[in-house]
Amino acid sequence: MAARRRIFSGVQPTGVPHLGNYLGAISLWVAMQAEYEAVFCIADLHALTTPDTVNPAHLRTAVRDTAAILLASGVDPAHAILFVQSRVPAHAELAWLLGTVTPVGWLERMIQFKTRSAEGDSVGAGLLAYPVLQAADILLYRTDVVPVGEDQRQHIELTRDIARRFHGLFGEVFTLPEALYRSGGARIMGLDDPGTKMSKSAGRHRARHAIGLVDSPDSIRDVIMHAVTDGGREVRADDLSPGVANLVTIYQLLTSRSRGEVLAEFEGKGYAMLKASVAEAVISTLDPIQQRYRELSAEPEALDAILDSGAERARPLAGATLERVKRAMGLDAPPPPPGARLSAIA
Ligand code: AMP
Ligand code: TRP
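Counting starts from 1 at the beginning of each chain's written sequence and moves along it residue by residue. Written order determines the labels here, with chains lettered from A and ligands numbered from 1. Side-chain atom pairs in this predicted model are given and counted only at pLDDT of 80 or more, local residue features only at pLDDT of at least 70, and totals for whole chains, interfaces and linings cover all residues. In computing side-chain values, all of the structure's heavy atoms are included and hydrogens and water are not.

For the protein chain, the helix and strand inventory stands at 14 helices and five strands. Each radius of gyration reported is based on C-alpha atoms, and the globular scaling rule is 2.2 Å times the count of residues to the power 0.38. Computed over the C-alpha atoms, the radius of gyration of the protein chain is 22 Å, within 12% of the 20 Å expected from 2.2 N^0.38 for a compact globule of 346 residues. A principal-axis box enclosing the C-alpha atoms of the protein chain has dimensions of 85 × 50 × 45 Å. Accessible area is worked out with a 1.4 Å probe on protein chains only. A residue is then buried under 20% of its type maximum, exposed over 50%, and partly exposed in between. Across the 346 residues that make up the protein chain, the buried fraction comes to 47%. For the protein chain, the proportion of contacts with a sequence separation of at least 24, taken over those separated by at least 6, is 78%. Note that accessible areas follow from Shrake-Rupley with a 1.4 Å probe, and for residues the cover is restricted to the protein chains shown. Total accessible area on the protein chain stands at roughly 16400 Å², and carbon and sulfur atoms take up 55% of it. When charges are counted, neither His nor the chain ends are considered; positive counts come from Lys and Arg and negative counts from Asp and Glu. Each charge is placed at NZ for Lys, CZ for Arg, CG for Asp and CD for Glu. Each charge sign in the protein chain was given a centre, from 36 positive and 40 negative side chains, and these centres are 4 Å apart. Runs of E in the DSSP output that reach at least two residues are strands. Runs of H or I that reach at least four are helices, and both are numbered from the N terminus. Residues are treated as being in contact if the distance between any of their heavy atoms lies within 4.5 Å.

Okay, the pairing of strand β3 (residues 80-84) next. Of all five residues in β3, five are buried; the element is thus mostly enclosed. Here five bridges tie strand β2 (residues 37-42) to β3, and the two strands are oriented parallel to one another. For I42, the partnering residue across the bridge sits in β3 and is V84. Strands qualify as paired when DSSP identifies two bridges or more between them.

Tracing the chain through its elements places T196 in the loop between β5 (178-180) and α9 (200-205). Looking at T196, the relative accessible area reads 31%, which means it is partly exposed. For the pair T196 and H209, spaced 13 residues apart in sequence, the C-alpha separation works out to 9.7 Å.

Unfilled space is identified by rolling a water-sized probe across the atoms. Using protein atoms alone on a 1 Å grid, points that fit a 1.4 Å probe yet trap it form a cavity, whereas open point sets bounded by protein on both sides within 12 Å along at least five of seven lines form a pocket; residues with an atom within 4 Å of a point count as lining. Grid points are joined across faces, edges and corners, and a volume is the space filled by probe spheres set on the points. The volume enclosed by the second largest pocket comes to roughly 320 Å³. A95, A125, A129, Y130 and V132 are, among the 17 residues lining the second largest pocket, the residues nearest its centre. Looking at the lining of the second largest pocket, the elements that each hand over two or more residues are α4 (90-99), α5 (104-108) and α7 (125-140). Per element, the largest residue contribution to the lining of the second largest pocket is seven residues, and it comes from α7. Tallied by class, residues from the lining of the second largest pocket come to 12 nonpolar, five polar and no charged. Under the convention adopted here, Pro, Cys and the residues Ala, Val, Leu, Ile, Met, Phe, Trp and Tyr are nonpolar, Asp, Glu, Lys and Arg are charged, and Gly plus all remaining residues are polar.

This part covers the site of ligand 2. One heavy atom within 4 Å of a molecule or strand is enough for the residue carrying it to be called near that molecule or strand. Lining the immediate environment of ligand 2, one finds 13 residues, of which Q12, Y130, Q134, D137 and Q152 sit closest. For the purposes of these results, a polar contact is taken to be a pair of N or O atoms within 3.5 Å, where, inside protein, one atom must be able to donate a hydrogen and its partner to accept one; residues adjacent in sequence count only when each atom of the pair is a side-chain atom. The separation between a nitrogen atom of ligand 2 and a polar side-chain atom of Q134 is 2.8 Å. For ligand 2, an oxygen atom lies 3.3 Å from a polar atom in the side chain of Q152. Protein burial of ligand 2: of its 360 Å² of free accessible surface, 91% is covered by the chains. Among the elements that take part in the shell around ligand 2, α7 stands out by supplying four residues, more than any other. When the residues that make up the shell around ligand 2 are grouped by side-chain class, the tally is six nonpolar, six polar and one charged.

So, on to empty space enclosed by the protein. The final tally for this structure, using the stated rule, is one cavity of 30 Å³ or more. What the largest cavity holds in volume is close to 30 Å³. Lining the largest cavity are M110, Q112, F113, L127, Y130, P131 and H155.

Within helix α6 (residues 111-119) the residues assigned to the buried category are F113, R116 and S117. Seen along its axis, α6 keeps its buried residues to an arc of 100°; they face one direction. Seen from the open side of α6, the exposed residues pointing more than 90 degrees away from its buried face are I111, A118 and E119. Structurally, α6 contributes buried residues whose contacts are with α5 and α7. Here the arc refers to the set of directions running from the helix axis out to each C-beta atom.

What counts as an axis is a line fitted to C-alpha atoms, over the stretch in contact for a helix, and the angles between N-to-C directions run from 0 to 180 degrees. Where α4 contacts α7, the two axes come as close as 8 Å, and the packing angle between them is 115°. Where α4 crosses over α7, the handedness of that crossing is right-handed. Across from A90, H91, A92, L94, A95, L98 and G99 in α4, the residues of α7 making contact are V132, L133, A135, A136, D137, L139 and L140. Broken down by class, the residue content of the contact of α4 with α7 amounts to 11 nonpolar, two polar and one charged. With the far helix as reference, a near helix turned anticlockwise by less than a right angle produces a left-handed crossing, and one turned clockwise produces a right-handed crossing.

Another aspect to go through is the packing of helix α3 (residues 56-72) against helix α13 (residues 271-297). Viewed as axis vectors pointing N to C, α3 and α13 meet at an angle of 135°, and their least axial separation amounts to 8 Å. It follows that α3 is oblique to α13 by the angle criterion. Judged by the twist between their axes, the crossing of α3 over α13 is right-handed. Side by side, α3 and α13 meet where D65, A68, I69, L71 and A72 of the first sit next to I289, R292, Y293, L296 and S297 of the second. Along the lines of polarity and charge, the residues of the contact of α3 with α13 split into seven nonpolar, one polar and two charged. Each angle gets one of four labels, with under 35 degrees taken as roughly parallel, over 145 as roughly antiparallel, 65 to 115 as roughly perpendicular, and the rest as oblique.

Moving on, we come to the domain arrangement of the protein chain. Assigned domains of the protein chain: these are domain 1 (6-182 + 300-329) and domain 2 (200-295). For each domain, the first and last residues come from an automatic or database assignment. Here the C-alpha centre of domain 2 lies 29 Å away from the C-alpha centre of domain 1. Contacts between domain 1 and domain 2 engage 19 residues on the former and 15 residues on the latter. A carboxyl oxygen of Asp or Glu within 4 Å of a side-chain nitrogen of Lys or Arg is what we treat as a salt bridge. Taken together, domain 1 and domain 2 are joined by zero salt bridges. Where domain 1 meets domain 2, there are six residue pairs in polar contact (both at pLDDT 80 or more).

Pasting the structure below:
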């Protein structure tokens, strides 16, 4: 029997994941984990590049909360390896090695770097190196497919470029990964501004921007009923503004129906009716996730045990690739000859 193909993906523990994370990434991971060999990572080393989370107490809590949300959303440790990035040291080590073959110009072109460095007054080297660490995450597991939101496209392409460059210099070691996006839902937009994608950072400053996966039903209704649409009143399938299209996308993904079916259902109906239906669909999808999240959060030891076992399972996989990389680069010092004595140096 052919070996199962492997998927790898990650999420930063920078706060409670939102509906965009769920629809664009997490629900896709859950759907794929039975068919693929699945490895999912809570990218805490990446989160250190976000100044809001460098507070150690906050980061510790956010790692557990993110783990609880992923498990509550259906990530199943019986199928998938779920672990915290910093617990598998090969990630940081490979990131260093890959950094030595990555031109700075490639990193300076990354949209995330350009945007975030324009916002911050002091830019850490870690922000520039962020995609190199992400490449290390992916390449360590000989990943075939990376299920992510559309915003990660450039990072996955860069991962392939780094792998190819490494191969040119040192020979073939890595598997070249492909990105996989949720069709039609890889980019959920902000509810207060359908021109920008829903993001955790904007959600921190703008009350009606995002829907957090553990928000209360009242708050979900409030945000969706106030979602920005346009000057019209009724849904017209042949003339959807970005705000209305975003609501239709959310509804379509939550109810697993085709766009055509959803548009037919709402054609000529008022925006308020569309919004009320979207709000109820979000609430009923999140209700069981929230219940399970509360149960899991009440048992931090059980959560830690799942993460410990995930790291145990990830380490040998990552270690095997790291060894091959080091051998290719000439970092495999031969073992000392039999009988050699270190004490001779002393
Ligand atoms: P992050 O919270 O940045 O670590 O993102 C975790 C995953 O969610 C990544 O695969 C992102 O591409 C995905 N994601 C983040 N925001 C959105 C969005 N607004 N729409 C769809 N996917 C998203
Ligand atoms: N950079 C990704 C994000 O912000 C998170 C991430 C870290 C990731 N490592 C990864 C995604 C590896 C896919 C594969 O969403």
